[in-house]
Each structure stands twice: as structure tokens, then as C-alpha cells.
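A look at the structure
The primary structure of each chain is shown beneath.
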Amino acid sequence: MQAKDKGEYSFSTCWNIRKHTVGEDMIQEIAELGFRRVELNYNVTKEMLKTIEPMIERGEIGVSSVHNTFPHDPDPDYGTDSVLLGFEDEVKRQRAIELLVGSAEYAHRYGGEAVVVHPGEVPFPHDISKDLEMLYREEGTDSPKYRSKWEELMERRQALSAGYIEKIIVSLDEVCNRAVAKGLNVRFGIETRSRPQQIPTLAEAKTIITALKGAPVGIWYDTGHAIMMDRLGLYDSVGEMQGLMDDIVGVHIHETLGLSDHWCPYVHSKDMSFYDAYLPMIRRAQVKVYELKSACEPDEIHESHDLLMKKLGVAEQEQ
């Protein structure tokens, strides 16, 4: 049976990249779900692109966006959980800039509208988010142990974040200048992140975007990550979202169960109203991408999309 056409909605290759070695097979599986567009994520290799690019050229699939660093770079310094655009080391920072411009070149070549960017983080000697997640599950956010660990995080974050944000602003300014000079018609979306030591919070995103006013930079609102950060206590994912409505580039659509993300909205949580709070941002976003984990089955993806469409339809009629 032919899957229902998903229209403007795009679908990230993070769903099935681990089960495929041939790019064409991976894209074909996504197309069979009814998606006309994909987001090529940071694990897509140059080898995979050899069979994906002919599909793009033939018009068999569209590309909405690519996720920096693209294509895949095995160096963890330029991976998804890194200081990246905030490096104090100038050689590393310049390399991060070059790679982001490279990602934008790919997006432009494929007809994509945006590049998803993890701008950076406040580095910790060890990954403090793992400690917090364990305490969240075992003790809860009101427990003395959680509060103590949270204060440790915030003390270091508040002491150091301004310096990293300043570097990120300078780096993004360089990236945008180079991209514009090359005639690249793409926007850069700085993504809400999944660990509390990572940049940006929603307030930090506003600071970065305001500093780069006029540049093709906005927020990439990852709904699942924002829910996680809200639960841990980093920011108010719904209240603060309102102030970024005019700055939205794209969204990652997925729901979080506890602190486990990338689930199908409504279907896996069985909650038919919680995710409604994020519908205004999804509606406003230029690029709308499902970012789901491999555990999500095709039937669940279809059901979730149908529910989302009904919700958005109802919401539009009510306004």
C-alpha cells in the first residue's frame, strides 16, 4: 500500500542510518514512508552520497536541510558534542568554521533551505549531564543531591558561558560572511541541545541571534531536546519559546518520555495534549523535520503524523 504523502514535512536519516551502508537504500526506505524530503544528518558519509546524489539530481528525493558537520567527520573535536564554534584554539575554531561553510555548500547544492548547527558547549572535566540524568531518575529534581549537582553545573556554566557565546557569535559572523560571499542561499539554525552544559539555552539563543541581526541565523527548535532541558530545570521550553517565534528557522519534531527522546509525538507518550504546546513553533518553522529513533515503527510514524496534522488543522480553525 502506498504511504500517504507527507507534503512539506521532512524526515531525518538518523532514523535508519545505522541499518544501511548504501545511501540509496536508506533514502528509499524513507521515501516509502511518504516523505518527499529528507534531512541528511551528520552520520551520512561521502560514500553514501555517491548513491544519494543521483537520486537528488533525478528529483526522486528533495533535501530540506543538512546537519553540521556534514558529511560525517570522525574527529570528535568537530562532532555533535563539542566546543566547536567556541574553541579558544584559533586553528580548531577556523577548522570548525570551514566545516560549517562546507555543510552550507552541500545544503545549497542539494536545494536545501538550512543547516542545523550545534554551536558549542561549556566543557566539563566529565559529562555532568550523565550524573544529573541518573539523579533525576533515582532521586528527582527536588532532592538535595540533585540540587547540589545542579548548582555545580550552573556555577561553572554561568562563569564560563559568556566567553564561549562571544566566540560563537564571532564564528557565526565569519561563517555567514563566507556563505553570503559564495552566494549560498541557506539559513543557519542553532539547535536547542540535549545536555544542560551545551549552548544555547533559549536566552543564549536570543543573545546570539540578536547580535547577528540581519545575518541568516535563527533558532532550530528541537522540541524533544527542549522538553528534556525543561524537565532538568535549564529553562521554560514553552514560555521562553514565545520570544523566539520570529527567529525560527526549523524544528525537529519528536517527543521525550522522561529523559528519553526521539519518540513519535502523541503515539508513544499516549498523552494527547502535552505536545500541543509546541504546535505554534512547528507551524511557524520554515523547515519541519521529524527526527525519530530507529525504534519508531512505520505504523507509529504514520499515526503520529496523522495526529499532528489533525491537531494543526484544528488549531488553525480555532484561531
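Everything discussed here concerns the structure shown above.
Cut-offs used in this document
- Residues numbered from 1 in each chain as written.
- Predicted model: local features only at pLDDT ≥ 70, side-chain atom pairs only at ≥ 80, totals over all residues.
- Heavy atoms only, no water.
- Salt bridge = Lys/Arg side-chain N within 4 Å of Asp/Glu carboxyl O.
- Helix = DSSP H or I, 4+ residues; strand = E, 2+ residues; numbered from the N terminus.
- Buried < 20%, exposed > 50% of the residue type's maximum accessible area, 1.4 Å probe, protein only.
- Polar contact = N/O pair within 3.5 Å; in protein donor to acceptor, adjacent residues only side chain to side chain.
- Lys, Arg positive; Asp, Glu negative; His and termini not counted.
- Contact = heavy atoms within 4.5 Å.

1. Here we look at the pattern of salt bridges
Throughout the structure, instances matching the rule amount to 25 salt bridges. Here glutamate 47 and lysine 50 are joined by a salt bridge, their closest N and O atoms 3.0 Å apart. Of this pair, glutamate 47 and lysine 50 are both found in helix α2 (residues 46–57), 3 residues apart, which corresponds to roughly one turn of the helix. Each member of the pair, glutamate 47 together with lysine 50, is exposed. The salt bridge partner of aspartate 127 is lysine 130, with a shortest N-O separation of 3.2 Å. Several salt bridges share partner residues, and in doing so they unite Asp81, Asp127, Lys130, Arg193 and Arg195 into one network.

2. What about the environment of lysine 213?
Turning to its location among the elements, lysine 213 is positioned in the loop between α6 (202–211) and β8 (217–222). On the basis of relative accessible area, lysine 213 is assigned to the exposed category, the value being 76%. C-alpha of lysine 213 to C-alpha of leucine 40: the two residues are 173 residues apart in sequence and 27 Å apart in space.

3. Details of helix α7 (residues 223–232)
Of all 10 residues in α7, 8 are buried, a share of seventy percent or more. Turning to α7, its buried residues number three or more, namely Thr223, Gly224, His225, Ala226, Ile227, Met228, Met229 and Leu232. Structurally, the start of α7 carries an N-cap: the backbone nitrogen of glycine 224 is 3.2 Å from a side-chain oxygen of aspartate 222. In the segment just after α7, glycine 233 is the residue with positive phi, at about 110°.

4. Considerations on the side chain of glutamate 191
Along the polypeptide, glutamate 191 turns up in strand β6 (residues 187–191). Summary of buried charges: glutamate 191 has no salt-bridge partner, and the nearest side chain of opposite charge, arginine 193, is 5.0 Å away. A polar side-chain atom of glutamate 191 sits 3.4 Å from a polar atom in the side chain of histidine 225. For glutamate 191, the contacting residues outside a window of four places in its chain are His67, Val116, Val117, His118, Pro119, Pro200, Trp220, Asp222, His225, His252 and Glu291.

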